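Each chain, written out:
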Amino acid sequence: MAEYFRKENCKYDVTALGELLVDMIQAGVSEQGNKTFEANPGGAPCNVLSMLTKLGNRTCFIGNVGDDMFGRDLADAAAQVGIDTAGIHFDPDCNTTLALVHKLADGDRDFSFYRKPGADMMLTPENTDTELIRQCRIFHFGSLSLTSEPVRSATVKALQTAKESGCLISFDPNLREPLWPDMDLAREQIAYGISVCDFLKISDNEIQWFTGEEDYDRGIQVLQSEYSPRLICLSMGSEGSRAYMGGPEYVEVPAFLQDTTIETTGAGDCFNGCVLHYLLHHDIDALTPEMLEEMLTMANAAASIVTTRKGALRSMPEDAEIKALIRGGR
């Protein structure tokens, strides 16, 4: 695969900013009848980096964790999968954020958060190492770093640096309603994220909520008319995914459905990482329908593998696993 990108001689391929937290995923029931939970390292931006690292890319994470057992374990886990943790700040005054993940009967998830405040909310502009952004080719972020101050200002500072230094900017709304004080603020901040990104990854339920359109195509048209992402990828769960390039036409690829699926935590982040990997090697403005199909096929296959595993950060598939699933067909 020939490498493409206009920004050269960078230390990192992708730097991400946002939440690094513990996903407490229900693991069963104890002998006493109590629910048991497994502490899995997670957080959407770092999950994306984990997938990118598995594919051979150089990655770096910027974020705030508590100076506690969970925070140190998270930093160690990120480093173990190959992510540069130079941008992690250990907060002595705030605990690491916890997310309790409850699996629903339909395979989806419900989230409860211990984050009032959580350490990820307390990243300040002063503790945001912008040199780690200047030295990257793609900058990635999500909406959880826009929910409140001071991390919102840290995110804005990071985005200004990314724009000034010529980074491609990637945004995933990753809407988590319980974390917003009100949904009007959520809409305002997610609109800001969409307005500054080059690549937008958005899910089916998010586009319906944000645009008010049940029909995906009409929702995409709203985004394209009001904002200007150069590429939009729409993830649709078991229905697969679509890619839109500046117009109503799209490429759609079905999902790889597996009987061994246990939960979907991290699947969207895995998908996102695969798309960013593709964009590191191809001109975003010159993607053909055939290239988009290749990109989505890889991303769908990788996401499918993640649904057969618990957790996210440590569950991303190897390139060989992805290719084997694609060769085997659906």
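Higher on the page you've got the structure.
The shown structure was predicted, so the numbers you read here are calculated from the model rather than taken from an experiment.

A. The arrangement of the packing of aromatic side chains in detail. Taken as a whole and assessed by the stated rule, the structure comprises five aromatic pairs. For the ring pair Trp209 and Phe210, a centre distance of 6.0 Å and an interplane angle of 55° mean the geometry is tilted. Positioned over the ring face of Tyr250 is Arg242, at 4.2 Å from the centre of the ring.

B. Structural detail: unusual backbone geometry. A cis amide bond, omega -5°, links Lys116 with the succeeding residue Pro117. Position of Pro117 among the secondary structure elements: in the loop between strand E7 (109-114) and helix H3 (131-134). Following Glu149, the chain continues into Pro150 via a peptide bond in cis, with omega recorded as 10°. You can see Pro150 is positioned in the loop between strand E8 (136-142) and helix H4 (151-164). A positive phi angle is found at Asn174, which is not glycine, with a value near 45°. Examined against the element boundaries, Asn174 turns out to sit in the loop between strand E9 (168-172) and helix H5 (183-196).

C. Region of interest: the state of the cysteines. Considering all chains together, one arrives at zero disulfides under this definition. Not engaged in a disulfide, the cysteine Cys46 finds its nearest cysteine sulfur in Cys60; these two sulfurs lie 9.5 Å apart. A relative accessible area of 0% means that Cys46 is categorised as buried.

D. Molecular detail of the packing of helix H9 (residues 289-306) against helix H10 (residues 319-328). Remark: H9 packs on H10, axes separated minimally by 9 Å, with the N-to-C direction vectors making an angle of 105°. Relative to H10, the element H9 is oriented roughly perpendicular. Where H9 approaches H10, its residues Thr297, Met298, Ala301, Ala302, Ser304 and Ile305 are matched on the opposing element by Asp319, Glu321, Ile322, Leu325 and Ile326. Across the contact of H9 with H10, the residue classes tally to seven nonpolar, two polar and two charged.

E. Expanded view of the pattern of salt bridges. Considering all chains together, one arrives at 13 salt bridges under this definition. Across the pair Arg230 and Asp198 runs a salt bridge, and its minimum N-O distance is 3.0 Å. Of this pair, Arg230 sits in the loop between helix H7 (216-226) and strand E11 (231-235) while Asp198 sits in the loop between H5 and strand E10 (199-203); the two residues are 32 residues apart in sequence, bridging distant segments of the chain. By relative accessible area, Arg230 is classed as partly exposed at 23%. The exposure class of Asp198 is buried, given its relative accessible area of 11%. The network of salt bridges with common partners includes Asp13, Arg58 and Arg137.

F. Quick peek at the nonpolar core. Leu231, Cys233, Val275, Leu279 and Met295 are the most contacted members of the largest nonpolar core, which totals 57 residues. For this core, the leading source of residues is H9, giving eleven residues. Cys167, Phe171, Tyr227 and Leu234 belong to the second largest nonpolar core, which has 39 residues in total.

G. Summary view of the environment of Ala99. Following the sequence through the fold, Ala99 ends up in strand E6 (residues 98-103). Taking the C-alpha atoms as reference points, Ala99 and Gly43, 56 residues apart in sequence, are found 9.1 Å from one another.

H. Seen up close, the pairing of strand E3 (residues 35-42). Pairing between strand E2 (residues 21-29) and E3: eight bridges, direction antiparallel. Directly across from Leu21, in E3, lies its bridge partner Gly42. Counting the residues between successive antiparallel strands, the hairpin from E2 to E3 contains five residues, one of them, Gly33, with a positive phi of roughly 85°.

I. Quick peek at the packing of helix H8 (residues 267-279) against H9. Following both chains from N to C, one finds H8 and H9 inclined at 145°, their axes separated by 8 Å at the closest point. Where H8 crosses over H9, the handedness of that crossing is right-handed. Facing Ala267, Cys270, Phe271, Cys274, Val275, His277 and Tyr278 of H8, the residues of H9 in contact are Met291, Glu294, Met295, Leu296, Met298, Ala299, Asn300, Ala302, Ala303 and Val306. Each residue belonging to the contact of H8 with H9 can be placed in one class, and the counts come to 14 nonpolar, two polar and one charged.

J. Local environment of the pairing of E8. Of all seven residues that make up E8, seven are buried, and the element is covered over most of its length. Here strand E1 (residues 12-17) pairs with E8 via five bridges, running parallel. Bridged to Thr15 within E8 is Phe139. Chirality of the crossover, the property in question, places the unit of E8, H4 and E9 among those that are right-handed.

Thresholds, definitions, all that
Residues numbered from 1 in each chain as written. Predicted model: local features only at pLDDT ≥ 70, side-chain atom pairs only at ≥ 80, totals over all residues. Heavy atoms only, no water. Phe/Tyr/Trp six-rings, centres within 6.5 Å; stacked < 30°, edge-to-face > 60°. Lys NZ or Arg CZ within 6 Å of the ring centre and 35° of its normal. Helix = DSSP H or I, 4+ residues; strand = E, 2+ residues; numbered from the N terminus. Disulfide = S-S within 2.5 Å. Buried < 20%, exposed > 50% of the residue type's maximum accessible area, 1.4 Å probe, protein only. Axes fitted to C-alpha atoms, helices over the stretch in contact; angles between N-to-C directions. Parallel < 35°, antiparallel > 145°, perpendicular 65-115°, else oblique. Contact = heavy atoms within 4.5 Å. Nonpolar A, V, L, I, M, F, W, Y, C, P; charged D, E, K, R; others polar. Salt bridge = Lys/Arg side-chain N within 4 Å of Asp/Glu carboxyl O. Core = buried A, V, L, I, M, F, W, Y, C linked by side-chain atoms within 4.5 Å. Pairing = 2+ DSSP bridges. Left-handed = near helix turned anticlockwise from the far one by under 90°. Right-handed = clockwise from strand over helix to strand, strands pointing away.

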